[in-house]
There are 6 protein chains.
Amino acid sequence: MNGFACKANFSPSDFFSSGLAMPMPTDNMLGFTVTPANVMQIPGLNTLGVSMARADFAPGGLNPPHTHPRATEIIFVLYGELDVGFITTTNVLVSMTIKQGDVFTFPKGLVHFQMNNGKEPAAFIAAFNSQNPGVQAIAATLFAAMPPVSNSVLSKAFQISYQEVDEIKSKLGGKP
Amino acid sequence: MNGFACKANFSPSDFFSSGLAMPMPTDNMLGFTVTPANVMQIPGLNTLGVSMARADFAPGGLNPPHTHPRATEIIFVLYGELDVGFITTTNVLVSMTIKQGDVFTFPKGLVHFQMNNGKEPAAFIAAFNSQNPGVQAIAATLFAAMPPVSNSVLSKAFQISYQEVDEIKSKLGGKP
Amino acid sequence: MNGFACKANFSPSDFFSSGLAMPMPTDNMLGFTVTPANVMQIPGLNTLGVSMARADFAPGGLNPPHTHPRATEIIFVLYGELDVGFITTTNVLVSMTIKQGDVFTFPKGLVHFQMNNGKEPAAFIAAFNSQNPGVQAIAATLFAAMPPVSNSVLSKAFQISYQEVDEIKSKLGGKP
Amino acid sequence: MNGFACKANFSPSDFFSSGLAMPMPTDNMLGFTVTPANVMQIPGLNTLGVSMARADFAPGGLNPPHTHPRATEIIFVLYGELDVGFITTTNVLVSMTIKQGDVFTFPKGLVHFQMNNGKEPAAFIAAFNSQNPGVQAIAATLFAAMPPVSNSVLSKAFQISYQEVDEIKSKLGGKP
Amino acid sequence: MNGFACKANFSPSDFFSSGLAMPMPTDNMLGFTVTPANVMQIPGLNTLGVSMARADFAPGGLNPPHTHPRATEIIFVLYGELDVGFITTTNVLVSMTIKQGDVFTFPKGLVHFQMNNGKEPAAFIAAFNSQNPGVQAIAATLFAAMPPVSNSVLSKAFQISYQEVDEIKSKLGGKP
Amino acid sequence: MNGFACKANFSPSDFFSSGLAMPMPTDNMLGFTVTPANVMQIPGLNTLGVSMARADFAPGGLNPPHTHPRATEIIFVLYGELDVGFITTTNVLVSMTIKQGDVFTFPKGLVHFQMNNGKEPAAFIAAFNSQNPGVQAIAATLFAAMPPVSNSVLSKAFQISYQEVDEIKSKLGGKP
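Residues numbered from 1 in each chain as written. Chains lettered and ligands numbered in written order. Predicted model: local features only at pLDDT ≥ 70, side-chain atom pairs only at ≥ 80, totals over all residues. Heavy atoms only, no water.

## Digging into empty space enclosed by the protein
1) Next: Summed over the entire model, instances satisfying the criterion amount to five cavities of 30 Å³ or more.
2) Next: Taken as a whole, the largest cavity spans an internal volume of roughly 40 Å³.
3) Next: Every residue lining the largest cavity is listed: I160, E164 and I168 of chain A together with I160, E164 and I168 of chain F.
4) Next: Residues belonging to the lining of the largest cavity are distributed by class as follows: four nonpolar, no polar and two charged. (1 Å grid on protein atoms, 1.4 Å probe; cavity = no way out; pocket = protein on both sides within 12 Å on 5 of 7 lines; lining within 4 Å. Points joined across faces, edges and corners; volume = space filled by probe spheres on them. Nonpolar A, V, L, I, M, F, W, Y, C, P; charged D, E, K, R; others polar.)

## Topic: the pattern of salt bridges
All names here are of chain B.
1) Next: Evaluation of the coordinates by the stated rule reveals six salt bridges over all chains.
2) Next: Among the ionic pairs, D56 bridges to R54, the shortest N-O distance being 3.0 Å.
3) Next: D56 sits in the buried class, given a relative accessible area of 2%.
4) Next: Residue R54 is classed as buried on the basis of its relative accessible area, which comes to 3%. (Salt bridge = Lys/Arg side-chain N within 4 Å of Asp/Glu carboxyl O. Buried < 20%, exposed > 50% of the residue type's maximum accessible area, 1.4 Å probe, protein only.)

## So, the domain arrangement of chain A
Residue and element names in this part refer to chain A.
1) Next: Domain boundaries in chain A define domain 1 (23-134) and domain 2 (137-175).
2) Next: Using only C-alpha atoms to locate each centre, domain 1 and domain 2 end up separated by 24 Å.
3) Next: Facing the five residues of domain 1 at the interface are four residues of domain 2.
4) Next: Taken together, the two surfaces of domain 1 and domain 2 that pack against each other cover about 300 Å², and 77% of this comes from carbon and sulfur.
5) Next: Summed over the shared surface of domain 1 and domain 2, the result is zero salt bridges.
6) Next: The interface formed by domain 1 and domain 2 includes one residue pair in polar contact (both at pLDDT 80 or more).
7) Next: Taken together, the residues of the side of domain 1 that touches domain 2 break down into three nonpolar, two polar and no charged. (Domains from an automatic or database assignment. Contact = heavy atoms within 4.5 Å. Buried area = accessible area lost by both parts, 1.4 Å probe. Polar contact = N/O pair within 3.5 Å; in protein donor to acceptor, adjacent residues only side chain to side chain.)

## Concerning the UniProt feature "binding site: Mn(2+)" (unreviewed entry) in chain A
Residues and elements named next belong to chain A.
1) Next: As annotated in UniProt, the feature "binding site: Mn(2+)" (unreviewed entry) corresponds to H66, H68, E73 and H112 in the numbering used here. The greatest C-alpha distance among the residues just named is 11.7 Å, despite their covering 47 residues of sequence, which places them together in space.
2) Next: Structurally, E73 is set in strand β5 (residues 73-79).
3) Next: Of the residues examined, E73 reaches a relative accessible area of 3% and is grouped as buried.
4) Next: Each residue touching E73, except ones within four places of it in the same chain, is listed here: H66, H68, F104, T105, F106, H112, Q114, F124, A126, A127 and F128.
5) Next: A distance of 3.0 Å separates polar atoms of two side chains, one belonging to E73 and the other to H68.
6) Next: Tracing the chain through its elements places H112 in strand β9 (residues 112-115).
7) Next: Residue classification places H112 among the buried residues on the basis of a relative accessible area of 1%.
8) Next: What H112 contacts, discounting residues up to four positions off in sequence, is P64, P65, H66, T67, H68, E73, G85, F86 and F106.
9) Next: A distance of 2.9 Å separates a polar atom in the side chain of H112 from a polar atom in the side chain of E73. (UniProt positions renumbered as here; feature names shortened; annotations may be inferred. Helix = DSSP H or I, 4+ residues; strand = E, 2+ residues; numbered from the N terminus.)

Written out as structure tokens, the structure is:
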């Protein structure tokens, strides 16, 4: 649609989502859930170059190290306290503890993470400069891909034994 | 900085702002205040293509019709209820009433506005796909520019008298 | 087509328009007419990132304040004399009187206008860095959109009464 | 400048040129002169992505085959009649005869030319989607570069003798 | 495909080509052959913005002056020795002799060429920042387009006679 | 430089590198070495949007899982045999065994790797659609960043004990 007179039928709801309004359950292995509001949920975002997501954290919850191949991310903390960080291409960790109302930035394509080391739940709203930023959670990408990444690659990359690779694969839901 | 090893000195605070955490006073003519978190406040945003802002509304408050010449905007309502809308290039008003937790989109460059027709304060967080989106509030742009836009232009554009132009200029802080 | 071997059938006329050759009638409320030559008229412009338009002005004619959400504009005056201006995001009016053969620029997304304060007709050729620049004439966008923008928004934005809003709407062809 | 409040000093003339108003002399080998109005002449064009130029043709005048490495070109004929053409990447010549008021397009990076086969002078205004489109006139690029392109390259490319290469170089102002 | 979950069916071979592995015959007029590996051969390249090609040269072989309208080119010499050059928009020839393992760059849209002045075959791998860079070999573009570029244009551009134009056209496979 | 007349001094060597001509030693932990030819080595690449690199592998050598935050990569195998793969954003491993002369593509921002499971050395030339693609080797990014990523993050992300995290950190040269 794009706000211009070239798509025949659209309605205000094509530019709208209520899906980020409520906290999502975080009773999983990571104590963390992400809820997207991108072009899949908001069709009017097509070609517009933005999207949003909500992240909910239990106490101790972790959004594990991941990248967005197509977007920079900027977040606003709704409540709680989070330890956040990204790593530069020269392997410098850039990290802070941020709390309700704070804004932090994760540059395009760089590995980053957020962890709730507080005693209360935490949540943030993220915005991206892509209607479809994509995400690769590093551990799952490597240890739970299908078909599986071979143990020889993972063993050598992390300098761990094949058995240790298999244990991580098993815990993350991957196949040997 | 950009997450890459080419700027000599940077710190995590270059990617951070706490400026959106608190509501700003809205006791002005419009009952509305915007607080930016763009490359001026967050130097690390340079070249990263995102920014944020917070908008606070008194009951009856209005973010008057305006455009961002360089960005699409996507908003998340922190609290309260807002009547929001944008107008397409074929003069169709696309509008909705949105409330806490809702997300809405304003396509790049199009005139849009938000109004708090509820009885409680309202606030939203906006994200942009530019580190420096710019803004032109239409009424102030036309009636309070310096040097002033001539009465002949404004009278003819809005089909009002010179006296009416001068009255609007006066109320919006412009010069005859 | 794009000059590359991927569309099966095209002809030279897909890159051509004769529609800007003649002045168009200007006997309307504004004393102004614009004639486009964009991707709608010249299909070969698709993906090429340029387009043109012709603007004709009666004496006293006005191209009222407007924006192009997707393009910078550069104009060449064919004949006559025009007072032209744009307003920056810091509300500075940048204006000049230009005449036959002069070139002037209106930066991407900014509100701008042209008025013929001379005694003879005037015309210019405009070029845009988009095959589909779009346009929003501010007054009509706000006062003649369908469905209409509410009087509460317009009254507060321009600091005029509901009755004055309705009068402008009526004159610009909008609905109360 | 860019219309945004980040350059300290600018004036309306930074967005203006009067250099295209008058025909330029065409009493040269090709019967053709081009006059640019790009970021070199109009400093305000920086980052805005547009520019213009004027081309004047004597009867029989030729703007010889050339490319713009950074822009699509769209032209408007001021007066006279021109045979224009571009060649696609599949070696199809796309050509037309165009006259006063006509618009024609030359896709980005493709070889194109214009010739005045009429009995009167001709002129057009060109617009580009770059503030600095660049130009390479093919014959001069190959036969008058400094240092010179070797005769072995040119002889083999055009299947002509070294002597013929030297003759073209001499006529075009190049060195053997 | 683009590495993202939006195309239903793809396989590793969509990102693969074996077509550049072997030298191609160079027993033609120029002693030169180019073999592409772009989006036509590797469908997975769509939207990814890269492609490759292989160039093989007989001793004395020439990749004649040409442009890529949509890409910068960077090459790696597999074997042999090549005289390479490009010409800037100010008509400066930038040239070198390069050999096995060397890397050289041809900026976007500029005329460039490579010639094997050695006694052995030579080959290079080229990469482009477009999945579909396009190519225009200057001599063939001008003298072998269909329909043909008129002799008046070519005669005047190269300052040669109609008969010389026809001879070049004939040798390059064009029509008078 | 960019091939255009705006930098005062440049020479052909600004567009050249001989640094990829020879295999580099691979007697390290991974049996792998990468040699860049980007804007750091070839200053003329600035703004041109391409670069190259050479990768050398001992038998058993691994280019461990990594991303390029700013570029798609396309490779050409100089000699040897490699098992290569990337993982999509839906966690599908796309992998192949490729050999001398083969071409393979790694889409922008996605995690990918190459391993030499053959008995002979292997090498490839990579090209990128950025003059400065950047790289993040995942294991080193996470386990050898400075300051270190906390054990709580890594333990939870990979579902391993703090002791196992410390062992990996130690082997990869990181700090506890």
